[in-house]
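# Summary of the model geometry
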Amino acid sequence: MQWSQLKKRIETQFTDSVKSRIKIGLTSYNHAHDQRGRGWIEVDGKEIINMCSYKFEGEHYTQRRDQQRNDYDQITRELNEKNLFSQSDFFGALSDYLNLSIDSIRKSENPLIRALGMLDARLGKRSLQKINIDEEHDLVKRLYYLRCDVEGLL
């Protein structure tokens, strides 16, 4: 699916109260030798997360080299916990998100999918209030508090 179509479908899932405050973006640097890019999420015009493939892959390589580890998935999870994601992680999460129920979104192992779920119109106010946010990923917390704020739940 093309980025413009994916972006439009994702943003239509957002509750009306956050639509004007959230922007998602994705770009590829076609003239770069490896065509890497980045994805991002903005709140009120301020970027809250930058998912740069170059930075993610560099850190991934450093972790594998310095710690002499080959567990790609485990290193990826550790980097994700530190808010380091690649552009492809973001694009994949957005694509997966469209095919999931709200319950599957809330139970997903992917923090990007859970974070987007905090903005989803299918997540009602009562369900939002019942979420235990204490153990959640930083990005999920940020979007949870934004949603609670705009819904008047804080």
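See the structure above.
Residues numbered from 1 in each chain as written. Predicted model: local features only at pLDDT ≥ 70, side-chain atom pairs only at ≥ 80, totals over all residues. Heavy atoms only, no water.

Now for the overall build of the protein chain. Of regular secondary structure, the protein chain possesses nine helices and three strands. In the protein chain, the succession of α and β elements from N to C terminus is α-α-β-β-β-α-α-α-α-α-α-α. In summary, the protein chain has a C-alpha radius of gyration of 16 Å against a globular reference of 15 Å for 154 residues, a match within 12%. Taken along the three principal axes of its C-alpha coordinates, the protein chain extends 45 × 35 × 30 Å. Across the 154 residues of the protein chain, 41% fall into the buried class. In the protein chain, of all internal contacts separated by at least 6 residues, the share reaching a separation of at least 24 is 47%. One finds the centroid of the 25 positive side-chain charges in the protein chain at a distance of 4 Å from the centroid of its 24 negative side-chain charges. (Helix = DSSP H or I, 4+ residues; strand = E, 2+ residues; numbered from the N terminus. Rg over C-alpha atoms; globule rule 2.2 N^0.38 Å. Buried < 20%, exposed > 50% of the residue type's maximum accessible area, 1.4 Å probe, protein only. Contact = heavy atoms within 4.5 Å. Lys, Arg positive; Asp, Glu negative; His and termini not counted. Charge placed at Lys NZ, Arg CZ, Asp CG, Glu CD.)

In this section: the environment of Leu-112. You can see Leu-112 is positioned in helix H7 (residues 111-117). Along the chain, Leu-112 and Asn-80 lie 32 residues apart, while their C-alpha atoms are 9.1 Å from each other. Every residue in contact with Leu-112, bar those within four places of it in the chain, is listed here: Met-51, Phe-85, Asp-89, Phe-90, Ala-93 and Leu-139.

Turning our attention to unusual backbone geometry. The backbone of Asp-44 shows a phi angle near 55 degrees, a positive value even though the residue is not glycine. Take Asp-44: its relative accessible area is 49%, and that puts it in the partly exposed class. Of note in the backbone geometry, Asn-83 takes a positive phi value of approximately 65 degrees without being a glycine. One can find Asn-83 in the loop between helix H4 (72-81) and helix H5 (87-97).

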